[in-house]
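Residue-level structure breakdown
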Amino acid sequence: MSEATTDGAAAPGPGRPLTAGLRRPRTHLRLAGALLLLALPFYLDRFWLQAGLFAMAAAIGAIGLNLLTGSTGQLSMGHAFFLAVGAYGYCVLAGESSTQNGHALSGLGLPTWLAAVLAVLLAGAAGGLFSPIAGRLRGAYLGIATLALIFIGQHVLFNAGSLTGGFNGRPVPPFSLFGFTFDDTETVVAAVPFHSFEKLWYAALPALAVSAYFARGVLRGRPGRALNAIRDHRIAAGVTGVPVARYRAGVFVLSSMYAGLAGVLLALVFQRTVPEYFGMVLSLEYLAMIVIGGLGSVAGAVVGAAFVSLLPQVLTHYSDSLPLVSAPGTGGVAPGEASRYLYGAAVVAVVLFLPGGLTRPKKPGENR
Amino acid sequence: MTTFIELLLGGLAIGSVYALIALGFVVIFKATEVVNFAHASLLLAGGYVTAVLHDDIGFWPALGVGVAGAAVVGAAVEFLVMRRYRGSDHSVLAIVTIGVDILITTELTRRMGTEVLSLGDPWGDGVVTVGGITLAQTRIAAFVVAGLLITLFLLAFRYTSWGVSMRAAAENPQTAALMGIRLGRVSLSAWAVAGALAAVAALFLTVFPTPGLERATSFAALKAFPAAILGGLDSTTGALVGGLVVGVTESLATGYQGDLSFLGRGIGDLAPYLVMLVVLLVRPAGLFGTKELARV
C-alpha cells in the first residue's frame, strides 16, 4: 500500500509520458525509501521498532497540527486533547466491559477496525464541538482558548473512571483486521518472528502514507490555497469569497481527526493508555515538531515528528556512552530533560536562523 | 454566608495576584504584539531565586534579588531571542516563546526535582479574624501588595515618559519610531517589567495555604492566560478584571466543591478555563479588548 501511494505521489502530470516520471531520480529515491521502510521490521530489534512506531504516530498527529497551525496560522495548544479522544475513544469502543482493580470499566466491544474508524470520527466530532470558538478566534487567542481543552481533557480523564479507568488508565484491546490480529502472539514470516510491533509497523506505515498523501492533496488543491490565504491575509481571503469561519472550523475538525488517528496508533503501541501522558507537555512537543520540521508542509511535519519523538529514545538508549547525559535519578541531566533542552533550543534556533524549518532551508515564499 | 464572604475575599486576593501576572502579559503584548507563552517560566525563575537565597540573606533582600532576577531573565529573552527575529509574523514569535518556555522550565524543574521549596515569607500560616470572617494573613498581604503595584504601574503607564512611550509604541510603532521613541528599549523594558511583576506574583502563589514552590506552580501561573484573554489581550483594565474573575471563580468552585461533586474532583482548577470559553463565545475579543477593525 505504501508503495502504491509513493508511486501515486510521483505520478507524472497530465501530458507527460509515464516513463519520464520513472526516469526521474526522485522517483527512484522514493521507491528505495519505501522499500527500506517496508523491510525494516525484518532487521530492527524491538526497541527501534517501538521508537519508529512512536515517530510514525507522532508524524500523523503533526501533519494534522501543521494543517491547522502551519497552513492556516491557527495556533492550537489543545492537540493532546484530541490525541486523548482518539486513544480513549478506541479503548472504550473496542474494549469489553470488565472489572479492574475493583473499578468497573465500561466498553462497547465493537470490532476493533470499526472502533478505530469511529474513534477518529469521534475526535473529529470533538473538534466540531469546539468550532464555534475555532471558527471565530485566531492566532494566539485560539492558542490560549485551546489551552482550556487540555485542562478539560485531564479533568475528564481522571474523573470519568468508568470510561477512562481514572489514574491507572485502561488496557488497549489489540487491533485486528480481517481476522488477523496485531497482538503479541508469535507469527513467523520469512524466518523472522513477528510480534505486536512488527505487525503494527505494517498497519502504521500505510496509515502514515495515506495521511500524508491526503494532507498533500488538501494543501495543493483549492482548500489549501484558501487556508494559506486565510493565514496570509484573512480579510483579503474573505473578500475573494473564501468562507473564513467555515474553513477555520473545517481545518480544526480535520486536524482533530489526524490527532485522533495518531491517538489510536499511540494507544496500540503503548498497549495501555494513561491520562498523565496527554498533558500540556505533549501539546508543546507537537508544536515543536512542526516548527522544527517546517511550518505548513507535510514533509516538515514528518521530519519534525521523527526528530522530536526519536530524540529522547535515542538519548535514553545511549545515555551510558554520551557525555553530560546520565540515567534518571542520578543527579545529572536525565535523557528526557536533555532532549527537552535540545528541542526547545531547536525551536528557537530554527525560527531565528531557518525560518522555513529543516525541510525548507530557503525562506517560505521563495521557489521550493 | 460567612463561608461565601470568606471565599469571595480569598478569591479577590488570589485574583489580584493573577491580575499581576496577566498585567505583565498584557504589557508585553501591547508593546510588542507578541503573546508570551514563556510567562509562567519567568514567574518560576523569580520564585526559584527567592527560594534559594532567602536562607542566606533574609527574606526581603532575597525577594528583591528574585524580582530583579526575573526582570533580567525577561530582558535577556527579549534581547537574545525576540530581537533577533527578522520576520514579521507575530504568531511565529509566540511559538518561539514556547521554545523559550520549554528551555527555562526544564532547567528550573530539573533543579527543583520533586522538592517543595519554601520562600521564607514572614507571614507563615497566621490568620486574621474580623467579625467572624477568617482570612489568611498571606491573602491580605497579597491583596495589598498587588493593589499597590497595580496602582503604581497604572500611574506610571499614564504619567511618566516611559509610560507615554510605551503607549505610543502600542498605538503605532512606525509613527512612534519616527517621533524618536526607541522601540527596542520599549520592548526591553516591557519584558523586564513583566518579569518583575511575575516574580512578585510567584511569592504569593507559593505562600500559605499552598505548600510552596514546586513543579505544579507553573500550572497555577498558567491561570493568568485565561485571565488576560477573558479581559481582552490588549487591555490593562481587562487584565485586572480578568484576574479577579478567575480568582473568584476558582475560589468559589473549590470552596463549594462538595456541592459540585457531580462535576468530579478538582473542578476549581478547571473553572477559570470554562469561564474563559463562555466569555469568548459571547465576545471573541474578550470583555475589554478592542474589536479588530481593519482597512483594506
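This report concerns the structure included in the present document. Everything numeric here is computed off the predicted structure, so don't read it as measured data.

1. Observations regarding the overall build of chain A
In terms of regular secondary structure, chain A is built from 16 helices and 8 strands. Burial analysis of chain A (368 residues in total) assigns 49% to the buried set. When contacts within chain A are restricted to residue pairs at least 6 apart in sequence, long-range pairs at least 24 apart make up 73% of them.

2. Regarding the overall build of chain B
From N to C terminus, chain B includes 12 helices and 2 strands. Shown N-terminal to C-terminal, the secondary structure of chain B runs as helices and strands in the order α-α-α-α-β-β-α-α-α-α-α-α-α-α. On C-alpha atoms alone, chain B measures out to a radius of gyration of 19 Å, which is about the 19 Å that the 2.2 N^0.38 rule sets for 296 residues. Oriented by its inertia axes, the alpha-carbon framework of chain B measures out at about 60 × 50 × 35 Å. For chain B, the residues scored as buried account for 51% of the 296 residues in total. For chain B, the share of sequence-separated contacts (at least 6 apart) that also reach a separation of at least 24 residues comes to 75%.

3. Topic: the nonpolar core
Ranked by size, the top nonpolar core spans 212 residues in total, and within it Ala59, Ala145 and Val347 of chain A carry the most contacts. The element best represented in this core is helix H8 (residues 183-206) of chain B, accounting for 17 residues. Apart from the residues lying within four places of it in its own chain, the contact partners of valine 347 of chain A are Ala288, Val291 and Ile292 of chain A together with Ile95, Val96, Ile98 and Gly99 of chain B.

4. Some remarks on the interface of chain B and chain A
In many reports, interface size means the accessible area that the parts give up when they come together. Contact with chain B, which involves 34 residues of that partner, is made by 36 residues of chain A. Among the elements of the structure, helix H4 (90-112), helix H10 (224-231) and helix H12 (267-282) of chain B are those that each provide at least two residues to the side of chain B that touches chain A. When residues in the side of chain B that touches chain A are grouped by element, the largest group, 12 residues, is from H4 of chain B. Per-class residue counts for the side of chain B that touches chain A are 24 nonpolar, 6 polar and 4 charged.

5. Examining the pairing of strand E2 (residues 133-136) of chain B
All names here are of chain B. Direction of pairing for strand E1 (residues 127-130) relative to E2: antiparallel, over a ladder of 4 bridges. When the sheet's bridge partners are listed, valine 127 is paired in E2 with alanine 136. The antiparallel hairpin formed by E1 and E2 contains 2 residues in its connecting segment, where glycine 131 sits at a positive phi of about 55 degrees.

6. Looking at the environment of proline 25 of chain A
All names here are of chain A. Mapped onto the elements, proline 25 comes out in helix H3 (residues 25-39). You can call proline 25 exposed: it has 7 C-beta atoms within 10 Å. For the pair formed by proline 25 and alanine 190, sequence separation is 165 residues and the distance between their alpha carbons is 31 Å.

7. Examining the environment of threonine 112 of chain A
Residue and element names in this part refer to chain A. With respect to the helices and strands, the residue threonine 112 is situated in helix H6 (residues 112-129). According to the C-beta neighbour criterion, threonine 112 is buried, with 22 such atoms within 10 Å. Sequence separation between threonine 112 and serine 131 is 19 residues, and the spatial gap between their C-alpha atoms is 29 Å. Sequence-distant contacts of threonine 112, that is, excluding residues within four places in its chain, are made with Ala94, Pro173, Phe175 and Ser176.

8. Comments concerning H6 of chain A
All names here are of chain A. Between its terminal C-alpha atoms H6 stretches 25 Å, which fits the 26 Å expected from 18 residues at 1.5 Å a residue. All of the buried residues in H6 are Thr112, Ala115, Ala116, Leu118, Ala119, Val120, Leu122, Ala123, Gly124, Ala126 and Gly127. The inward-facing, buried residues of H6 contact helix H5 (79-94), strand E4 (176-177) and helix H13 (244-270).

9. Some remarks on the packing of helix H1 (residues 2-32) of chain B against H8 of chain B
Residue and element names in this part refer to chain B. Packing of H1 against H8 leaves a shortest axis separation of 8 Å and a crossing angle of 170 degrees. In terms of their interaxial angle, H1 and H8 are classed as roughly antiparallel. Within the contact between the two elements, H1 uses Val17, Leu20, Ile21, Leu23, Gly24, Phe25, Val27, Ile28, Ala31 and Thr32 and H8 uses Val186, Ser187, Ala190, Trp191, Val193, Ala194, Leu197, Ala198, Val200, Ala201, Phe204 and Leu205. For the contact of H1 with H8, the per-class residue count stands at 19 nonpolar, 3 polar and no charged.

10. Regarding H12 of chain B
Taking 1.5 Å of rise per residue, 16 residues should cover 22 Å, and H12 of chain B covers 22 Å from first to last C-alpha, within 8% of that figure. Lining the buried residues of H12 of chain B we find helix H7 (131-134) and helix H8 (139-159) of chain A together with H10 and helix H11 (236-255) of chain B.

What counts as what
- Residues numbered from 1 in each chain as written.
- Chains lettered and ligands numbered in written order.
- Predicted model: local features only at pLDDT ≥ 70, side-chain atom pairs only at ≥ 80, totals over all residues.
- Helix = DSSP H or I, 4+ residues; strand = E, 2+ residues; numbered from the N terminus.
- Buried ≥ 20, exposed ≤ 12 C-beta atoms within 10 Å, placed from the backbone.
- Contact = placed C-beta atoms within 7 Å.
- Rg over C-alpha atoms; globule rule 2.2 N^0.38 Å.
- Core = buried A, V, L, I, M, F, W, Y, C linked by C-beta atoms within 7 Å.
- Nonpolar A, V, L, I, M, F, W, Y, C, P; charged D, E, K, R; others polar.
- Pairing = 2+ DSSP bridges.
- Expected span 1.5 Å × (residues − 1).
- Axes fitted to C-alpha atoms, helices over the stretch in contact; angles between N-to-C directions.
- Parallel < 35°, antiparallel > 145°, perpendicular 65-115°, else oblique.

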